[in-house]
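Working through the structure, step by step
Below, each chain spelled out in residue letters.
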Amino acid sequence: MNSTLINLLLTSAICLPVAALAQTESASFNIGTKKYYLHKIAYTPHKSDFDISKGEYNQTMVADNDYIYVADHEDIAKSSDRLTIKRYSVLTGARADDLVIGSDQPDYCYITELTDTERCFYLLPSNNDDYLILFMYAPWPAYGASGNTKDGTWFYIIDKTGKIVKDFHVPVTSFSSTFYTSSNTLDDFGVPEVIGDAASGNFDIFIPMVNNIGQSLIAKYTYTTESRYYEPKTITQIYYRNNGISTTTKPSVHIVDDNFMIVDDIGIAPSLYSYKFNFNNCYASLADTHILGHGMKTFNYQGHRFLSVGDVKYADGSTTNGITQFKIGLWDESPAESESQPYPSLSFDRFTTLATLSFGTSTAKNKVSPYTYRQFTSVTDFGNNVIHLHFYVPGEFLATYQLNESDIPTSVGEVTDIIENQEVGYHISDKTIIFDTPISEVSVFNMVGHTIFHSENPVKSINLANFVKGTYIVSTPYQSFKILL
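Residues numbered from 1 in each chain as written. Predicted model: local features only at pLDDT ≥ 70, side-chain atom pairs only at ≥ 80, totals over all residues. Heavy atoms only, no water.

Time to look at the overall build of the chain. For the chain, the helix and strand inventory stands at three helices and 37 strands. The buried share among the 485 residues of the chain stands at 57%. Summed over all atoms, the accessible surface of the chain reaches about 20000 Å², with 47% contributed by carbon and sulfur. (Helix = DSSP H or I, 4+ residues; strand = E, 2+ residues; numbered from the N terminus. Buried < 20%, exposed > 50% of the residue type's maximum accessible area, 1.4 Å probe, protein only. Areas by Shrake-Rupley, 256 points an atom, 1.4 Å probe, with all protein chains shown as cover.)

Residue Asn-280 is not a glycine yet carries a positive backbone phi of 75°. As for its position among the elements, Asn-280 is in the loop between strand E20 (268-274) and strand E21 (284-285). Judged by relative accessible area, which is 37%, Asn-280 ranks as partly exposed. Backbone geometry places Asp-430, a non-glycine residue, at a positive phi of 50°. Looking at the secondary structure, you find Asp-430 in the loop between strand E31 (426-429) and strand E32 (432-439).

The next thing to look at is the nonpolar core. One finds Phe-155 and Ile-205 to be the most contacted residues of the largest nonpolar core, which totals 35 residues. Each residue touching Phe-155, except ones within four places of it in the same chain, is listed here: Ile-133, Leu-134, Phe-135, Lys-166, Asp-167, Phe-168, Val-170, Phe-203, Ile-205 and Tyr-223. With 28 residues, the next largest nonpolar core counts Phe-306, Phe-359, Ala-399 and Leu-403 among its residues. (Core = buried A, V, L, I, M, F, W, Y, C linked by side-chain atoms within 4.5 Å. Contact = heavy atoms within 4.5 Å.)

So, about the pairing of strand E7 (residues 122-125). The sheet contact formed by E7 and strand E8 (residues 131-135) spans four bridges and is antiparallel. Residue pairing for E8: Leu-124 is matched across the bridge by Ile-133. The loop that links E7 with its antiparallel partner E8 comprises five residues; one of these, Asn-127, has a positive phi angle of about 65°. (Pairing = 2+ DSSP bridges.)

Right, let's talk about the pairing of E20 for a bit. The buried count for E20 comes to seven of seven residues, which makes it a mostly enclosed element. Relative to E20, strand E19 (residues 260-265) runs antiparallel, the two being bridged by five bridges. Counterpart to Val-263 in the pairing with E20 is Ser-271. Direction of pairing for E20 relative to E21: antiparallel, over a ladder of two bridges. If you follow Ser-271 over to E21, its bridge partner there is Ser-285.

Using the criterion set out here, one finds seven salt bridges in the structure. Ionic pairing is found between Asp-98 and Arg-95, a salt bridge with its closest N-O pair at 2.6 Å. Owing to a relative accessible area of 46%, Arg-95 belongs among the partly exposed residues under this scheme. (Salt bridge = Lys/Arg side-chain N within 4 Å of Asp/Glu carboxyl O.)

Further remarks concern the side chain of Thr-92. With respect to the element layout, Thr-92 can be found in the loop between strand E5 (82-89) and strand E6 (95-102). On the basis of relative accessible area, Thr-92 is assigned to the buried category, the value being 2%. For Thr-92, the side chain forms a polar contact with the main-chain nitrogen of Ala-94, separated by 3.1 Å. (Polar contact = N/O pair within 3.5 Å; in protein donor to acceptor, adjacent residues only side chain to side chain.)

This part is about the sheet that holds strand E33 (residues 442-446). With respect to topology, four strands assemble into an open sheet ordered E34-E33-E36-E37, the strand pairing being antiparallel. Every other strand in the sheet has two partners, leaving strand E34 (451-455) and strand E37 (480-484) as the edge strands with one partner each. Recorded for the sheet is a direction-independent mean angle of 20° between the axes of neighbouring strands. Bridging between E33 and strand E36 (residues 471-475) involves four bridges; their strand directions are antiparallel. Its bridge partner lying in E36, Asn-446 is registered against Tyr-472. (Axes fitted to C-alpha atoms, helices over the stretch in contact; angles between N-to-C directions.)

This part takes up the packing of aromatic side chains. Where two aromatic rings form a pair, the distance of their centres and the angle of their planes describe that pair. Taken as a whole and judged by the stated rule, the model has 31 aromatic pairs. Taking the centre distance of 5.1 Å and the plane angle of 75° together, the rings of Phe-206 and Tyr-275 count as edge-to-face. With Phe-206 in strand E15 (residues 202-211) and Tyr-275 in the loop between E20 and E21, this pair connects stretches of sequence that are 69 residues apart. The residues Phe-206 and Tyr-275 share a single accessibility class, namely buried. (Phe/Tyr/Trp six-rings, centres within 6.5 Å; stacked < 30°, edge-to-face > 60°.)

The strand order across the open sheet formed by four strands is E18-E19-E20-E21, and the pairing between neighbours is antiparallel. Sheet topology places strand E18 (252-255) and E21 at the edges, where each strand pairs with a single neighbour.

Another point: the side chain of Ser-308. With respect to the helices, strands and loops of the structure, Ser-308 is situated in strand E23 (residues 304-313). Judged by its relative accessible area of 0%, Ser-308 falls in the buried class. A distance of 2.9 Å separates the side chain of Ser-308 from the side chain of Thr-377, its partner in a polar contact. Excluding anything up to four places from it in sequence, Ser-308 contacts Gly-295, Met-296, Lys-297, Phe-299, Phe-326, Lys-327, Ile-328, Thr-377 and Phe-391.

Here we come to the environment of Pro-192. Mapped onto the fold, Pro-192 is located in the loop between strand E13 (186-189) and strand E14 (193-197). Residues in contact with Pro-192, not counting those within four places in the same chain, are Tyr-122, Leu-124, Phe-135, Ile-205, Phe-206, Ile-207, Pro-208 and Val-253.

With that settled, consider the environment of Leu-134. The residue Leu-134 is located in strand E8 in this model. Judged by its relative accessible area of 0%, Leu-134 falls in the buried class. Taking the C-alpha atoms as reference points, Leu-134 and Ile-158, separated by 24 residues in sequence, lie 6.8 Å from one another.

What follows covers the confidence of the model for the chain. Per-residue confidence for the chain gives a mean pLDDT of 80, with 78% of residues at or over 70. This model gives residues 1-21 a pLDDT under 50, and the stretch forms 27 contacts once residues within four places in sequence are excluded. Contacts for the low-pLDDT stretch residues 140-147, under 50 throughout, to residues beyond four places or in other chains number 33 contacts. (pLDDT = per-residue confidence, 0-100.)

Turning our eyes to something else, we now look at the environment of Gln-402. Tracing the backbone shows Gln-402 in strand E30 (residues 397-404). Sequence-distant contacts of Gln-402, defined by excluding residues within four places in its chain, comprise Tyr-37, Leu-38, His-39, Ile-41, Val-386, Ile-387, His-388, Pro-409, Thr-410 and Val-415. Polar contacts involving the side chain of Gln-402 include one to the side chain of Asn-404, which spans 3.0 Å. Polar side-chain contacts of Gln-402 include one of 2.6 Å to the backbone nitrogen of Thr-410.

Here's what the structure looks like:
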């Protein structure tokens, strides 16, 4: 797409009627002596023809370097044999062609004669540039590979044309005698998250589950290429909560680093737990966020770790007319270890809200229990210190803001030039990255976003010999790319 056309699309994306603009136009903040800016790039009002207030369903959003992908529930009343993924430009927010997943998929895929519940699906990142994850609300037992019916459900790897290429079985577990009984049954899933490259077959998926009396757990399913028929090699319960309420909850999980995750749910603020040790021990909670707000995302920028947190702001003493907000905060805290502490510990003690983006009156209080109000953030890193943050609330809006170091947005043409000219010359020898020329502001992250190397000064090489085999992300001012050690 040429720059002139892209600029026209950008103009059309942000020129909405004044009455439709109920969001923060721009914001700025300082870290030390550096000043950073958040610029509104696009805002698209959303609604759903399907009544999501009934509580069972959540749309999700994923972004890559080309598109924002939205699981579309507006299509739900139109067809029982297809799923629709809406696409938007990550540069401009302009609509692109939809992806339609129909009954022309492999025979083992559960895409025909779908109920309303089954058409409400999750779309998840696979941590592979070429694929996404389609997580179905298929019934238990579910129709799976080779026509088998098994207890559990299935999720699928899809390419970015909407073609299903692989399926994985999620079997029923029996971690709790009260969770799977004839009377207390699995009632719903929260939003899962993945560690590792799911398309390769070597990965962990963390799946929140709830039963019909409000008890929730998170199970970690580990898949390897050695597993037959895409069955999990191991299943581990890493979180369990008896909520003490007779309603379905909707927990979600976000992986922070090699040890910790954030759990969010109705009735609790975003809370830190470990998925490696001391299960069910809450290390910290973000108490200044309203429990109706629901969603978080960590991302890295210029060597700092940021956290985007969904929130609903109410006036003091009021429980009506809440304002949808996203808080962008600095969270550089790392797990602390000491001789007297056998395990790392993480907190929100050093989390500082830097900017708050407001988006008008929230629909959270209009939804009846057990609806969980979702607030999603996805990130597109173009390099050269330009990031687009995409904010999505099902039934309300999709918005894109640009994070940069200038008081004006980096133009579409400039971002396009960054994308087209961001090649970094390098080669890998004996687990050492060797650049063609010294590069400053270099960071290396593992697949869960934990910084394992950072240098503001120019470096010619980075020795990663002490780190385990796997996939890592190298971030430079010119290009971010994956390497495999």
